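# Understanding the architecture of this molecule
Take a look at the letters that make up each chain.
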Amino acid sequence: MSESALRSQTISSFVWKFLERGGSQVVQLVVQIILARILAPEDFGALAIMLVFVNIGNAIVQSGLNTAIVQSPDADENDCSTVFWMSFVVSVVLYCVIFFLAPTVAAFYSMSAIVWPLRILCLILPFGALNSVQVAIVQRRLQFQKVFVATMVAVIVSALFGIGLAFIGAGIWALVAQQLVYQIVNSLVMAVQVRWRPRLVFVAGRASRLFSFGWKLLASGLLEQVYQSLSDLIIGKQFNASNLGLVSQGKKYPQALGSMLDGAIQPVMLSAVSRVQSDVAYVKRLVRRALKTSTFLIVPSMTLFAVAAEPIVGLLLGEKWLPCVPFLQMYCFIYALLPIHTTNLQTLNGMGRSDLFLKLELVKKAYGICLILLAAFALRDVYLMVAMYMVTGVISTFVNAWPNKRVIGYSYGEQLRDIAPAFALSAVAGGLALLCGFLVDNGMLQILVEVAVMAAVYLGLARLLHVESLEYLLVTFREMLGYHRGSKA
């Protein structure tokens, strides 16, 4: 494929991925706000505990094999069926294990009411095995419009189930239903669109080859899920479900915003890099563009969210959730660093270097877990626990960037220079927005003032200083309009 053709297809894929991420996150955030106003922090704390087992199970079920399908230059129908049966069998085994361990988990956290909700919620695992192969197929083909359709249908249907059950007093079951219905509907809609069905085929040789790449991502994904879930497990036991609910809410919204922006860029970049991995110079250009663009969008968004956190939480979630504001602000900082992590790690995946990916995860989790355990058991402070994620996030920017100096010639120093404009402009704009916000008493008006000042200062300075990322986004936007008009004509 020529460079111009790949660029056109990549831009089109990014548009669909952004619409999918953006649309789903907006709907999900509205749903979460409605549910947060109906349900108690303890309900969200219980869900956070249950999702630990679901997320770890999904990391094992998918085993990195879906990424192996995307990355492999010669993956075929037999590979897809082989991967599905491997994942499906593992998902059934894991479900049985969690089913029988549910009473033990409930007793350990003194939450007897979560036994059956946990058992039902983990039905997500078998459907996740099917969905991961479907998504890998469309991602490999850069057909992200199909992911958009499946995601939007699933998020709307699951929202109706969740909100409806919450209104009739179902409590934790409303959250469980929303999660499970989303996964089931997503898989079914993808099955309608993707002309692939698992066949009774298992090729041992291909399974071994794919797993030789995927097992490293399995180990990496498992480490990441355990690490991200560690605070939930510790807070639920060391402190209480209410504290866990506050931390969970504080994390949820920055995570959704980061997923919407960075999550639209990175999967497309992985597919594009996988297609041109033999041309290292071109790969470096793709990676630099992805890092600059995602940082330019995410850093000011997180800065604004942190600045306006208190009035936003008070207006949308209610007074009972105001204690989650410090957690939300800390997670805004953590997710502002997201583009540096994901861009470097997706580059290694696209270049077929899952071995380096695993080594990085082992290093990062070693010092990260030590810091979290220090804050939880020696210092016994829930705020310091989240702060330790901030510390490890900063250190990990260097760790994740280090191998790409050798793999594609993109050093940490170059990366810092590429992202510096976004951080510098965000600091200036965020400081001015915060000062202006102090002058306003009304919550809604304060939010509007801070948004207006942040946008005007950030974009104005970027335009005045001819920041490359803004110029690129404007050119790309014009190309997208031209592409859209040409398609309609």
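Residues numbered from 1 in each chain as written. Predicted model: local features only at pLDDT ≥ 70, side-chain atom pairs only at ≥ 80, totals over all residues. Heavy atoms only, no water.

## So, the nonpolar core
Quick reminder of the rule: To define a nonpolar core, start from buried Ala, Val, Leu, Ile, Met, Phe, Trp, Tyr and Cys residues and group those joined through side-chain atoms within 4.5 Å. Burial classes follow relative accessibility: with a 1.4 Å probe on protein chains only, a residue under 20% of its type's maximum area counts as buried, one over 50% as exposed, and anything between as partly exposed. Here, residues are in contact when the closest pair of their heavy atoms is within 4.5 Å.
Counting 80 residues, the largest nonpolar core has Leu-35, Met-50, Ile-114, Leu-121, Trp-321 and Ile-372 as its most contacted members. Ignoring any residue separated from it by four or fewer positions in sequence, one finds Ile-372 in contact with Tyr-227, Leu-230, Ile-234, Met-385, Met-388 and Tyr-389.

## Describing helix H13 (residues 325-336)
We count it as follows: Each helix corresponds to a stretch of at least 4 residues labelled H or I by DSSP, and each strand to a stretch of at least 2 residues labelled E; elements are numbered beginning at the N terminus. Expected helix span is taken as 1.5 Å per residue step, with the number of steps being one fewer than the number of residues.
Look at H13: 17 Å from first C-alpha to last across twelve residues, which is about the 16 Å you get at 1.5 Å a residue. When you tally the buried positions in H13, you get nine out of twelve residues, the bulk of the element. Of the positions making up H13, those classed as buried are Val-325, Phe-327, Leu-328, Met-330, Tyr-331, Cys-332, Ile-334, Tyr-335 and Ala-336.

## Let's talk about the pattern of salt bridges
To keep it simple, the criterion reads: For this document, the term salt bridge refers to a Lys or Arg side-chain nitrogen within 4 Å of an Asp or Glu carboxyl oxygen.
This structure, assessed with the given rule, holds nine salt bridges. Residue Glu-468 is joined to Arg-289 by a salt bridge in which the shortest nitrogen-to-oxygen separation is 2.8 Å. Placement of Glu-468 in helix H20 (residues 468-488) and of Arg-289 in helix H11 (residues 280-307) is noted, with a sequence separation of 179 residues between them. When its relative accessible area of 22% is taken as the criterion, Arg-289 is described as partly exposed. Salt-bridge contacts for Lys-292 lead to Glu-468; the nearest nitrogen and oxygen are separated by 2.6 Å.

## A closer look at H11
Residues spaced three or four apart along an α-helix face the same direction, because each turn holds 3.6 residues. To keep it simple, the criterion reads: Bend is computed residue by residue as the angle between axes fitted to the seven residues ending at the residue and the seven residues starting at it.
The terminal C-alpha atoms of H11 lie 40 Å apart, and with 28 residues this matches the ideal 40 Å at 1.5 Å per residue to within 8%. At Thr-295, H11 shows its maximal bend, which comes to roughly 25 degrees. Burial of H11 is extensive: 20 of the 28 residues sit out of reach of the surface.

## Thoughts on the packing of helix H12 (residues 309-316) against H13
Stated formally: Fitted lines through C-alpha atoms give the axes, limited to the stretch in contact for helices. The angle between two N-to-C directions lies from 0 to 180 degrees. Angle categories: roughly parallel below 35 degrees, roughly antiparallel above 145, roughly perpendicular from 65 to 115, and oblique for all the rest. Put simply, a crossing is left-handed when the front helix is turned counterclockwise from the back one by less than a right angle, and right-handed when it is turned clockwise. Residues are grouped as follows: nonpolar covers Ala, Val, Leu, Ile, Met, Phe, Trp, Tyr, Cys and Pro; charged covers Asp, Glu, Lys and Arg; every other residue, Gly included, is treated as polar.
Closest axis-to-axis distance for the H12/H13 pair is 10 Å, and the angle between their directions is 125 degrees. The orientation of H12 with respect to H13, classified from their angle, is oblique. As H12 packs across H13, the resulting crossing turns out to be right-handed. Residue-level contacts link Ala-309, Glu-310 and Val-313 of H12 to Val-325, Leu-328 and Gln-329 of H13. When its residues are assigned to classes, the contact of H12 with H13 shows four nonpolar, one polar and one charged.

## Some remarks on the side chain of Lys-252
In this fold, Lys-252 is placed in helix H10 (residues 241-275). Apart from the residues within four sequence positions on either side, Lys-252 is in contact with Gln-32 and Phe-44.

## Section: the packing of helix H4 (residues 77-108) against helix H6 (residues 124-140)
Axis separation between H4 and H6 bottoms out at 7 Å; the angle between their running directions is 155 degrees. In terms of orientation, H4 and H6 fall into the roughly antiparallel class. H4 and H6 meet at a crossing whose hand is right-handed. Mapping the contact onto sequence places Cys-80, Val-83, Phe-84, Ser-87, Phe-88, Ser-91, Leu-94, Tyr-95 and Ile-98 in H4 and Leu-125, Pro-126, Ala-129, Leu-130, Val-133 and Ile-137 in H6.

## Quick word on a nonpolar patch on the surface
As a reminder of what qualifies: Each patch is built from residues that are more than 30% exposed by relative accessible area and take part in no salt bridge. Like charges join if they lie within 9 Å; nonpolar side chains (Val, Leu, Ile, Met, Phe, Trp, Tyr) join within 5 Å. For every accessible area listed, the method is Shrake-Rupley and the probe measures 1.4 Å; residues are considered covered only by the protein chains on display.
A surface patch of nonpolar side chains, amounting to about 450 Å² of accessible area, comprises Leu-315, Leu-316, Met-444, Leu-445 and Leu-448. Every element with two or more residues in the nonpolar patch is listed here: H12 and helix H19 (443-464). For the nonpolar patch, the element with the most residues is H19, which contributes three residues. Its place among the elements puts Leu-448 in helix H19.

## Looking at unusual backbone geometry
Negative phi characterises most residues that are not glycine, and trans characterises most peptide bonds. A positive phi angle is found at Ser-110, which is not glycine, with a value near 55 degrees. Ser-110 gets classed as exposed once you look at its relative accessible area, which sits at 65%. In this model, Arg-380 sits at a positive phi of 55 degrees, which is unusual for a non-glycine residue. Along the chain, Arg-380 turns up in the loop between helix H15 (354-378) and helix H16 (382-401).

## Here we look at the environment of Ile-419
Examined against the element boundaries, Ile-419 turns out to sit in helix H18 (residues 412-438). Spatially, the C-alpha atoms of Ile-419 and Thr-295 are 6.3 Å apart, while their sequence positions differ by 124 residues. When near neighbours in sequence (up to four residues on either side) are disregarded, Ile-419 contacts Leu-291, Thr-295 and Ile-340.

## Description of the packing of aromatic side chains
Formally: Between rings of Phe, Tyr and Trp, where Trp is taken as its six-membered ring, a pair exists when centres lie within 6.5 Å; planes separated by under 30 degrees are stacked, by over 60 edge-to-face, and by other angles tilted.
Throughout the structure, instances matching the rule amount to 14 aromatic pairs. With a centroid separation of 5.7 Å and an interplanar angle of 80 degrees, the aromatic rings of Phe-99 and Trp-116 are classed as edge-to-face. Residue Phe-99 is found in helix H4, and its partner Trp-116 is found in helix H5 (residues 115-121); the two are separated by 17 residues along the sequence. Take Phe-99: its relative accessible area is 22%, and that puts it in the partly exposed class.

## As for the environment of Arg-209
Following the sequence through the fold, Arg-209 ends up in helix H9 (residues 204-238). The spatial distance from the C-alpha of Arg-209 to the C-alpha of Asp-79 is 9.9 Å, given a sequence separation of 130 residues.

These figures capture arrangement, not role.
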